[in-house]
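# A look at the structure
Listed below, chain by chain, are the residues.
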Amino acid sequence: KQIDNDGAFEYTDIVTAKLNGETTFSVKDFIPNPTMDKTNLIITAVKDQEISVVFYNIVGQKVLESNTMVNKGANQLEFSLEKLAAGTYTAVVSAANEVYTKKIVLTK
């Protein structure tokens, strides 16, 4: 959401950007998706590092944030979404110079 000084606003699309450089991790899809309460995200890292995962609702509001250390190799991160309303959310997964986006659908 971009807000002007006069209070006018507009929403922009969420895009994925990859900067040049070494790939330090990859992200698989959420399992299960859709989910009713919990979901897992598989992240494969080439080194130990901190990963940030931020969930946004359909209007772009941050609703959940997690910073987690992942180890070299495959990592399974579990997220509890039971306190969120049903809907579609976008998760932005980032570390260093890499950013990935994934969609998750929450049903009740």
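First, a word on what this report is: a plain description of the structure on this page. All figures in this text were calculated on a predicted structure; none of them were measured in a lab.

With that out of the way, let us pick up the sheet that holds strand 9 (residues 98–106). Reading across from one edge, 6-5-8-9 is the order of the four strands in this open sheet, with antiparallel pairing throughout. Whereas interior strands pair on both sides, the edge strands pair on one side only; in this sheet they are strand 6 (62–70) and strand 9. Neighbour-to-neighbour, the strand axes of the sheet open up by a mean angle of 20°, direction not taken into account. Taken together, the eight bridges between strand 5 (residues 49–56) and strand 6 define a ladder with antiparallel strand orientation. Bridged to V53 within strand 6 is S66.

This part takes up the environment of E98. Among the secondary structure elements, E98 is positioned in strand 9. Considered as a pair, E98 and T23 are 75 residues apart in the sequence and their alpha carbons are 7.4 Å apart. A polar contact of 2.4 Å, which involves the side chain of E98, links it to the backbone nitrogen of T24.

Turning next to a nonpolar patch on the surface. Where nonpolar side chains cluster on the molecular surface, the patch consists of I3, F9, Y11, I58 and V59 and spans about 540 Å² of accessible area. You can see F9 is positioned in strand 2 (residues 9–10). For F9, a relative accessible area of 47% corresponds to the partly exposed category.

The subject of this paragraph is the nonpolar core. Within the largest apolar cluster, 20 residues are counted, with the highest numbers of intra-cluster contacts made by F25, I43, I51, F55, F79 and V93. Among the secondary structure elements, those contributing two or more residues to this core are strand 3 (25–31), strand 4 (38–45), strand 5, strand 7 (73–80), strand 8 (87–95) and strand 9. Once residues lying within four places of it in the same chain are set aside, the contact partners of F25 are I43, T44, A45, Q49, I51, V93, S94, A95, E98 and Y100.

One pass over the full model with this rule turns up five aromatic pairs. The interplanar angle of 70° and the centroid separation of 5.1 Å between the aromatic rings of F25 and Y100 together place this pair among those described as edge-to-face. Taken as a pair, F25 in strand 3 and Y100 in strand 9 lie far apart in primary sequence, 75 residues in all. Here the aromatic residues F30, F55 and F79 are joined through ring pairs into a cluster of three or more.

The next thing to look at is the pattern of salt bridges. Applying the stated rule across the entire model yields two salt bridges. Across the pair D29 and K102 runs a salt bridge whose closest N-O atoms are separated by 3.4 Å. With D29 in strand 3 and K102 in strand 9, this pair connects stretches of sequence that are 73 residues apart. Notably, a salt bridge pairs K62 with E65, separated by 3.4 Å at the nearest N-O pair. A relative accessible area of 45% means that E65 is categorised as partly exposed.

Cut-off values and rules
- Residues numbered from 1 in each chain as written.
- Predicted model: local features only at pLDDT ≥ 70, side-chain atom pairs only at ≥ 80, totals over all residues.
- Heavy atoms only, no water.
- Pairing = 2+ DSSP bridges.
- Helix = DSSP H or I, 4+ residues; strand = E, 2+ residues; numbered from the N terminus.
- Axes fitted to C-alpha atoms, helices over the stretch in contact; angles between N-to-C directions.
- Polar contact = N/O pair within 3.5 Å; in protein donor to acceptor, adjacent residues only side chain to side chain.
- Patch = residues over 30% accessible without salt bridge, like charges linked within 9 Å, V, L, I, M, F, W, Y side chains within 5 Å.
- Areas by Shrake-Rupley, 256 points an atom, 1.4 Å probe, with all protein chains shown as cover.
- Salt bridge = Lys/Arg side-chain N within 4 Å of Asp/Glu carboxyl O.
- Buried < 20%, exposed > 50% of the residue type's maximum accessible area, 1.4 Å probe, protein only.
- Core = buried A, V, L, I, M, F, W, Y, C linked by side-chain atoms within 4.5 Å.
- Contact = heavy atoms within 4.5 Å.
- Phe/Tyr/Trp six-rings, centres within 6.5 Å; stacked < 30°, edge-to-face > 60°.

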